[in-house]
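Here is how the chains run, residue by residue.
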Amino acid sequence: MQLPERWIAHLDMDAFYASVELLRYPQLKGQAVVIGGRRADAPQQLEDGSWRYAKLRDYTGRGVVTTSTYAARDLGVFSAMGLMKAALRAPDAILLPADFDSYRTYSRRFKAAVAEVAPVIEDRGIDEIYIDLTDVPGVRDAVGHDPLGGVKAVAREIKNSVSRATGLTCSIGITPNKLLSKIASELDKPDGISVLTMDDIPTRIWPLAVRKINGIGPKAGDKLVQLGLHTVGDIAAAPPAWLIEQFGDSYGAWLHNAAHGRDNRPVVTYSEPVSISRETTFERDLSARHDKALLGQIMDELCARLADDLARKRYAGKTVGIKLRFEGFVTVTRDQTLKIPVTSAADIRHAVGLCLKRVTFDKRLRLMGVRVGNLVHASEVLDAAPAAPRADPRRAPDNLSLF
DNA sequence: TCTGGGGTCCTAGGACCC
DNA sequence: TCTGGGGTCCTAGGACCC
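Criteria and thresholds
- Residues numbered from 1 in each chain as written.
- Chains lettered and ligands numbered in written order.
- Predicted model: local features only at pLDDT ≥ 70, side-chain atom pairs only at ≥ 80, totals over all residues.
- Heavy atoms only, no water.
- Buried < 20%, exposed > 50% of the residue type's maximum accessible area, 1.4 Å probe, protein only.
- Helix = DSSP H or I, 4+ residues; strand = E, 2+ residues; numbered from the N terminus.
- Pairing = 2+ DSSP bridges.
- Domains from an automatic or database assignment.
- Contact = heavy atoms within 4.5 Å.
- Buried area = accessible area lost by both parts, 1.4 Å probe.
- Salt bridge = Lys/Arg side-chain N within 4 Å of Asp/Glu carboxyl O.
- Polar contact = N/O pair within 3.5 Å; in protein donor to acceptor, adjacent residues only side chain to side chain.
- Core = buried A, V, L, I, M, F, W, Y, C linked by side-chain atoms within 4.5 Å.
- Near = heavy atom within 4 Å.
- 1 Å grid on protein atoms, 1.4 Å probe; cavity = no way out; pocket = protein on both sides within 12 Å on 5 of 7 lines; lining within 4 Å.
- Points joined across faces, edges and corners; volume = space filled by probe spheres on them.
- Nonpolar A, V, L, I, M, F, W, Y, C, P; charged D, E, K, R; others polar.

**Regarding the pairing of strand β10 (residues 170-175)**
- Of all 6 residues that make up β10, 6 are buried, and the element is covered over most of its length.
- Here β10 shows two buried faces, one formed by Cys-170, Ile-172 and Ile-174 and the other by Ser-171, Gly-173 and Thr-175.
- One ladder, built from 6 bridges, connects strand β1 (residues 8-13) with β10; its direction is antiparallel. Note that in β10 the partner of Asp-12 across the bridge is Ser-171.

**Here's the deal with the domain arrangement of chain A**
- Here the domain parsing of chain A yields domain 1 (8-14 + 102-202), domain 2 (16-98), domain 3 (209-259) and domain 4 (275-402).
- Using C-alpha coordinates to define each centre, domain 1 is positioned 27 Å away from domain 3.
- If you look at the interface, domain 1 gives 5 residues, while domain 3 gives 6 residues.
- Interface area for domain 1 against domain 3, summed over the two sides, is near 430 Å², with a carbon-plus-sulfur share of 64%.
- Along the contact surface separating domain 1 from domain 3 lie 1 salt bridge.
- The partner of Lys-212 in a salt bridge is Glu-186, and the shortest N-O contact between them spans 3.9 Å.
- For the pair domain 1 and domain 3, the interface holds 0 residue pairs in polar contact (both at pLDDT 80 or more).

**Quick word on the pairing of strand β14 (residues 331-342)**
- One ladder, built from 8 bridges, connects strand β13 (residues 315-326) with β14; its direction is antiparallel. Pairing of Gly-321 across the sheet is with Asp-335, part of β14.
- In sequence, β13 turns back onto β14 through a hairpin of 4 residues, with Gly-328 there showing a positive phi of about 90 degrees.

**Focus: the pattern of salt bridges**
- Across all of its chains, the model carries 23 salt bridges by this definition.
- Between Arg-104 and Asp-101 there is a salt bridge whose closest N-O contact spans 3.1 Å. Of this pair, Arg-104 and Asp-101 both sit in helix α4 (residues 100-117), 3 residues apart, which is roughly one turn of the helix.
- The salt bridge involving Asp-309 is made with Arg-312; its shortest N-O contact spans 2.5 Å. With Asp-309 and Arg-312 both in helix α13 (residues 292-313), this residue pair falls 3 residues apart, about one helical turn.

**Digging into the nonpolar core**
- Formed by 41 residues in total, the largest nonpolar core has its most connected members in Leu-11, Phe-16, Val-114, Ile-131, Leu-133, Ile-158 and Ile-174.
- Every element with two or more residues in this core is listed here: β1, α1 (16-24), β2 (33-35), β7 (94-96), α4, β9 (128-132), α6 (147-166) and β10.
- Both of domain 1 (8-14 + 102-202) and domain 2 (16-98) provide at least three residues apiece to this core.
- The residues contacting Leu-133, other than those within four sequence positions of it, are Trp-7, Ala-9, Ala-118, Val-139, Val-154, Ile-158 and Ile-174.
- Formed by 31 residues, the second largest nonpolar core is a distinct cluster that contains Ile-298, Leu-302, Leu-310 and Tyr-315.

**Concerning the protein's contact with DNA strand C**
- Around DNA strand C there are 19 residues in total, and Asp-127, Lys-182, Gly-215, Asp-335 and Thr-337 lie nearest to it.
- A distance of 3.3 Å separates a phosphate oxygen of DNA strand C from a polar atom in the backbone of Pro-218.
- Taking Lys-219, its main chain carries an N or O atom lying 2.8 Å from a phosphate oxygen of DNA strand C.
- Breaking the surface near DNA strand C down by element, the ones donating at least two residues are α9 (218-226) and β14.

**Some points on the layout of surface pockets**
- Here the largest pocket defines a volume of roughly 1,300 Å³.
- The wall of the largest pocket is formed by 27 residues, among which Gly-37, Phe-100, Glu-279, Thr-280 and Thr-281 lie closest to the centre.
- Of all the secondary structure elements, the ones that give two or more residues to the lining of the largest pocket are α4, β12 (275-286) and β15 (365-377).
- For the lining of the largest pocket, the element with the highest residue contribution is β12, accounting for 6 residues.
- Partitioned by chemical class, the residues of the lining of the largest pocket number 8 nonpolar, 7 polar and 12 charged.
- Taken domain by domain, the lining of the largest pocket gets at least three of its residues from each of domain 2 (16-98) and domain 4 (275-402).
- Considered as a void within the structure, the second largest pocket measures approximately 450 Å³ in volume.
- Taken together, 18 residues make up the lining of the second largest pocket; nearest its centre are Asp-12, Thr-67, Arg-73, Ser-79 and Asp-127.
- Looking at the lining of the second largest pocket, the elements that each hand over two or more residues are β1, α1 and α2 (70-74).
- Residue composition of the lining of the second largest pocket, grouped by class: 7 nonpolar, 3 polar and 8 charged.
- Both domain 1 (8-14 + 102-202) and domain 2 (16-98) contribute no fewer than three residues apiece to the lining of the second largest pocket.

Below, the structure is given as structure tokens:
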């Protein structure tokens, strides 16, 4: 066996949100539970101390499944599925609203627990991370005699540490790179460890569906299947020149490399945010004419929350953007880059007004969002700089006239 | 039964400058 | 007096991910 230059782990918490909820409601263990919906759906404790839960069948609205327990998945309920659709498949499943504060707490805990064993960690969101194990003593020292054994022992150590800190299980894939590890962590889920070398690609990776590769989404997946390529092995066997013809220089070449398990991206332990945003989907579609006041109010609220986020994270941004989604799911964005970075709700709201002027409102709205990009640290913004044009609080700014 | 909210990255065209 | 070639910034849309 050719020894890899790196050992990269991908750690994925098992049904993370649902598992955190089961710590709070252990009596639900084994049941079909779906996370999603509104705060109003939170369980209520009755006088006799027992709990009353919302059932999926009683849900009405536009929410989606955030996560589900494995019992719910057995009934065909998966992440991103509309709750109304999920209710058809599992009407008796229990519905719990998402509690992101709690999930963030457990997220910090599990990452700290991993860092005690292996400190080179790349954050990939609330419930997964990449870990570079190459220089972890238990891995490095085993290279000479039993590399795979050393890697597995460290993986067990990480899982034990996570379990002690959180009471939760996770699945770990360990391979020579991030691409393969991401796939490997799913091979033995939940609570599993999978170690793969490049030699395992033909037997363990090539039989998998093309969508198992991180970076092949619904569009590329459909196109590949349309072209007769169903498995990763099918892509690997395709002539690279043909892939490039079909998918373009960049993506075509990437597909070829990915199918052969090649990926040299480093584990990145720190990154600055690029943008911060807030958006909301309405309970019912709103008319720019009819619901003007309400839309103006919602936009004010979004700007206020975004300004809060910026202040809390100590960022300012030079580009303000809006996102509008109309009935029919047609999405439109408009950006406005300013001379001076903004932080205040009023300055954001003013720039939003400039963006809104460039949109035609001929359909009802389903969603509105605000984003601030081109971020700079708040400390780098000169207070002495001339103030950006501000909305006069005594008068409705003219941009409000659009709503 | 239509499809949340928070992100990143890529592409492609036009403006503008040298 | 019909028109090159970069580089960079801005904008809009879209794919993809958790």
